Structure formats: C-alpha cells, structure tokens
Amino acid sequence: MKALVYLGPNKKSLEDRPKPVITAPTDAIVRMTRTTICGTDLHILKGDVPTCKPGRILGHEGVGIVDAVGSAVTAFKVGDPVLMSCVSACGKCVNCRRQMYSHCTTGGWILGNSIDGTQAEFVRTPHADMSLYPIPAGAGEEALVMLSDILPTARECGVLNGRVQPGSTVAIVGAGPIGMATLLTAQFYSPAEIIMIDLDDGRLATAKRLGATATINSSSGNDQAAEAVMQLTGQRGVDAAIEAVGVPATFELCQKIVAVGGAIANIGVHGVKVDLHLESLWDRNISITTRLVDTVSTPMLLKTLCSHKLDPRPLITHRFKLADIVDAYDTFARAAETHALKVIIEA
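Source: prediction; values computed, not measured.

Calculation rules
Each chain carries its own residue numbering, running from 1 in the written order of its sequence. Selection of residues for local features in this predicted model requires a pLDDT of at least 70, selection of side-chain atom pairs for listing and counting requires 80 or more, and totals for whole chains, interfaces and linings are taken over all residues. Side-chain measures here rest on the full set of heavy atoms in the structure, leaving out hydrogens and waters. A run of H or I in DSSP becomes a helix once it reaches four residues, and a run of E becomes a strand once it reaches two; helices and strands are each numbered from the N terminus. Within these notes, the globule rule equals 2.2 Å times the number of residues to the 0.38 power, and the radius of gyration is based on C-alpha atoms. Exposed residues in this analysis have more than 50% of their type's maximum accessible area, buried residues have under 20%, and partly exposed residues fall in between, with area computed by a 1.4 Å probe over protein chains only. Note on contacts: a residue pair qualifies if any of its non-hydrogen atoms lie within 4.5 Å across the two residues. For the area figures, the Shrake-Rupley method with a 1.4 Å probe applies, and any residue is considered shielded solely by the protein chains shown. Positive charge is attributed to Lys and Arg, negative charge to Asp and Glu, and no charge count is given to His or to the chain ends. Charge placement uses NZ in Lys and CZ in Arg. For Asp and Glu, CG and CD serve respectively. Under this definition, polar contacts are N or O atom pairs within 3.5 Å; protein pairs additionally need one hydrogen-donor-capable and one acceptor-capable atom, and for neighbouring residues in sequence, both atoms have to be side-chain atoms. Pairing of aromatic side chains here covers Phe, Tyr and the six-membered ring of Trp, requires ring centres within 6.5 Å, and sorts the geometry by plane angle: under 30 degrees stacked, over 60 edge-to-face, intermediate tilted. Should the NZ of a Lys or the CZ of an Arg lie within 6 Å of a ring centre and within 35 degrees of the ring normal, that charge is described as sitting over the ring. When two cysteine sulfur atoms lie within 2.5 Å, the pair is treated as a disulfide. Here, strands pair whenever DSSP counts at least two bridges between them. Between N-to-C directions, angles cover 0 to 180 degrees, with each direction set by a line fitted to C-alpha atoms, over the stretch in contact for helices. A side-chain nitrogen of Lys or Arg and a carboxyl oxygen of Asp or Glu constitute a salt bridge if their distance falls within 4 Å.

Chemist: Can you explain the overall build of the chain? Please cite residues and give values.
Modeler: A tally of regular secondary structure across the chain gives 12 helices and 15 strands. Its C-alpha radius of gyration of 20 Å places the chain within 12% of the 20 Å reference for a compact globule of 347 residues. By principal-axis analysis of the C-alpha atoms, the chain measures approximately 60 × 40 × 40 Å. By residue count, 55% of the 347 residues in the chain fall in the buried class. Intrachain contacts of the chain at a sequence separation of at least 6 include 69% that bridge at least 24 residues. With an accessible surface of roughly 14300 Å², the chain has 53% of that area assigned to carbon and sulfur atoms. One finds the centroid of the 32 positive side-chain charges in the chain at a distance of 5 Å from the centroid of its 34 negative side-chain charges.

Chemist: Explain the side chain of threonine 289 to me, and be specific about the residues and the numbers.
Modeler: With respect to the helices and strands, threonine 289 occurs in strand β13 (residues 287–289). Owing to a relative accessible area of 19%, threonine 289 belongs among the buried residues under this scheme. Aside from chain neighbours lying at most four places away, what touches threonine 289 is Asn161, Ile264, Ala265 and Asn266.

Chemist: Lay out the environment of proline 314 in plain terms, naming residues and giving numbers.
Modeler: Counting through the fold element by element, proline 314 comes out in the loop between α10 (298–306) and β14 (316–321). The class for proline 314 is partly exposed, based on a relative accessible area of 44%. With 53 residues separating them along the chain, proline 314 and glycine 261 place their C-alpha atoms 34 Å apart.

Chemist: Outline the side chain of arginine 56, listing residues and values.
Modeler: Mapping arginine 56 onto the fold places it in the loop between α1 (39–46) and β4 (63–69). Taking relative accessible area as the criterion, arginine 56 reaches 19% and is therefore assigned buried. Side-chain polar atoms of arginine 56 contact the side chain of aspartate 116, separated by 3.0 Å. Those residues in contact with arginine 56 that lie beyond four places of it in its chain are Leu4, Val5, Tyr6, Gly112, Asn113, Ser114, Ile115 and Asp116.

Chemist: Run through the packing of aromatic side chains, naming residues and quoting values.
Modeler: Two descriptors summarise a pair of aromatic rings, namely the distance from one centre to the other and the angle between the planes of the rings. Counted by the stated rule, this structure contains one aromatic pair. Across from the ring centre of phenylalanine 122, 4.5 Å away, lies the NZ or CZ of lysine 19, which sits over that ring.

Chemist: Quick one: what's the story with the state of the cysteines, residue by residue and with numbers?
Modeler: Inspection of the entire model under this criterion finds zero disulfides. No disulfide involves cysteine 38; its sulfur sits 8.1 Å from the nearest other cysteine sulfur, which is in cysteine 86. With a relative accessible area of 7%, cysteine 38 lands in the buried category. Free cysteine cysteine 157: the closest other cysteine sulfur is in cysteine 86, separated by 9.0 Å.

Chemist: Outline the sheet that holds strand β10 (residues 214–217), supporting the account with residue identities and numerical values.
Modeler: Either a parallel or an antiparallel arrangement is found when strands of a sheet pair, and the pairing is made through backbone hydrogen bonds. In spatial order, the strands read β10-β9-β8-β11-β12-β13; together these six strands make up an open sheet with parallel pairing. This sheet does not close on itself; its edge strands, each paired only once, are β10 and β13. This sheet shows a mean twist of 15° between the axes of neighbouring strands, independent of strand direction. Note that strand β11 (residues 238–243) and strand β12 (residues 258–266) share five bridges and pair parallel. In the sheet register, alanine 241 faces β12, and the bridge partner there is isoleucine 264. Contacts between helix α8 (residues 248–257) and the sheet are confined to β8 (169–173), β9 (193–198), β11, β12 and β13, with β12 contributing the most and set at about 160° to the helix.

Chemist: Report on the environment of arginine 163, specifying residues and quantitative values.
Modeler: Relative to the assigned elements, arginine 163 resides in the loop between α4 (150–160) and β8. By relative accessible area, arginine 163 is classed as partly exposed at 40%. Along the sequence, arginine 163 and aspartate 67 sit 96 residues apart, while their C-alpha atoms lie 41 Å from each other.

Chemist: Describe the pattern of salt bridges, with residues and values.
Modeler: The tally for this structure, following the rule as stated, stands at 18 salt bridges. With its nearest N and O atoms 3.6 Å apart, the salt bridge here joins arginine 17 to glutamate 15. The partner of arginine 291 in a salt bridge is aspartate 294, with the nearest N and O atoms 3.0 Å apart. We classify arginine 291 as partly exposed; its relative accessible area is 28%. The exposure class of aspartate 294 is buried, given its relative accessible area of 5%. Sharing partners across several salt bridges, the network here consists of Glu156, Arg291 and Asp294.

And the structure:
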C-alpha cells in the first residue's frame, strides 16, 4: 500500500509499505477513504515530537471502511463506514475510567506518533470498539474528517478549559485550522465577543465570516496586538485567552491580554520552552490549562454536525489524492502563500 512516511526532521516520502494486519483481538483494519494533514504533523516534521521516530507513517485523522476486525471486536463488522478518533482508548485503565482517554495506558495519541497512522491506504486501529465511531447514513465524509481531531480538540482544550460562557470575552490567538475550529465551537456558549488574532489578513477575513466579532493583525508585534485588545475590552482584557499556535510569542501574548480572573487555555503543540511571567501574573487570579484532547466531545459533535448545527466545511480549502500527498504537505506548510486551512486527502 502507499503511505506517507516520516524520515526524520524536514524529511518525508510517499512509499510502498505492507498492508497492516491484526495483531491484537481488539484491533480493526480500516481502508482509508479520506484523511487530512494536521498542524501536529508539521510539528513532527520540525522535530518537535520526539516520540515519533523516523520510519513512522504519519496521520491521526480520517474516515474509512472496516476491512477486518479482531476476534474481540463487537461494535463493528467488515464493511462498516467509520470515523477514526485521533485518540485510541481501551476504556478500562485508570486514566480511561477518568475519561482521560488521551492518557490511556495502552493507547492515547499513538496513531501517527508511536504506531503507524492514517495517511495511508490502510491503517490498524487498536481498541477499535472505543476508538471508532459509526458514520450515520447521509453524513458528509469531508466534514466528518474534522471530527477526528480539530473540533474535539478545539472544544475540550480551548473552549471548555477556557471556561467560555454566555457574555464572556474570548481571544483566540492563531487563525489556523485549530483556531478556526475553536471559533466555531466557542459559539455554542454565546460569548459576547470573540477576538481573532493572527498575522494573516486572509485568515482574519475568514474568521470574521465564521463569527469573530473583531480581528487583530499581530504582525506589528505583541505589544501593539495587546494594546488593540485592551482598546476593544475597555482596558480589561479577555476572560479566555486561547493559544492555538504553539510558539513562544503567541503564549506570551495570551499572558499580556488575559483579564483578572481569566483563563489561559493552551492548545498549541510547543517544541521549545516558553517563558511564564509570574512576576506580572502571580496576583491576577488567573488559571493556565494544558490538555491533550480526550475526544469525549466526539459523540456530541457528531450529532451536532449531522443536525446541521455545526458546519466545518468552510475550513476546507484544498483537496488532493493520496498520490499527491507530498504536494499537499507543501501547500499546507506554505499556508501564508497558498491560503490553505484544511486539506482533504482522498485515499
């Protein structure tokens, strides 16, 4: 089968690999029909994720058709259309019993990280009964791809950890796919203001169309961006500052704009150290949260999508065949030039 393989920092290749086989009774083999590229995949390629070793097939999102099941799989059969979760969960360990599936002792975020992932014609998914979701009849595959990761990540790591609620003021720092997904899911909770901050005017215009009440271009630096936020909020700052990039500058901006009693919710994957300015935050009654998505939101988001209350399709900007996935990576990595948000890969 064809698969996109990580070969080390800044190196990748579309290669022929053996089709995966069942290795545990709880496994399923899924024939991928659509997958995508995540910002986390770019962090892997930069060398920011040391758990992902050279030779690994990348990808942790997508939809497909069940091709084979292990003897212990009871919820799915061959031929079932399924949504892949980016997190594999046994449902039995101490962390799963706390609904902290991202830290399952035999699963978690392993697809495209410590085991081969979804950017291939076939993938083996462990703990299939807990890690796959049946696709309802009539649901659009392209929209469903975004339920694998970015939508539950946005809601859980950003919106819920940021304590977004009716009437609150929210700033989302980073208007990439995960920032846009945060914008969509934050609107479930009727905040009074959602301020989107980014370097790219095109993405900011998209954010305005998707529901942002204000946008700020931060290309002049954090001080100017923070001043603009303060002007918009009557010098108060924001109740929820959501970091959706994963670089030091964006986390520092969140520290500058969070209001007294507010929350900084980190979503971004950080590969280098970030300064925490306790000299200015120690008395501000703020909370700072980090989280890896647990995908507890996925069933709710699936229902919301199928009822047309949530539509992530405007985030899709490019479509490629699996044979052209190297070109898809190039397009996604040069988003400032290509205006890419979410790219869909047809397997």
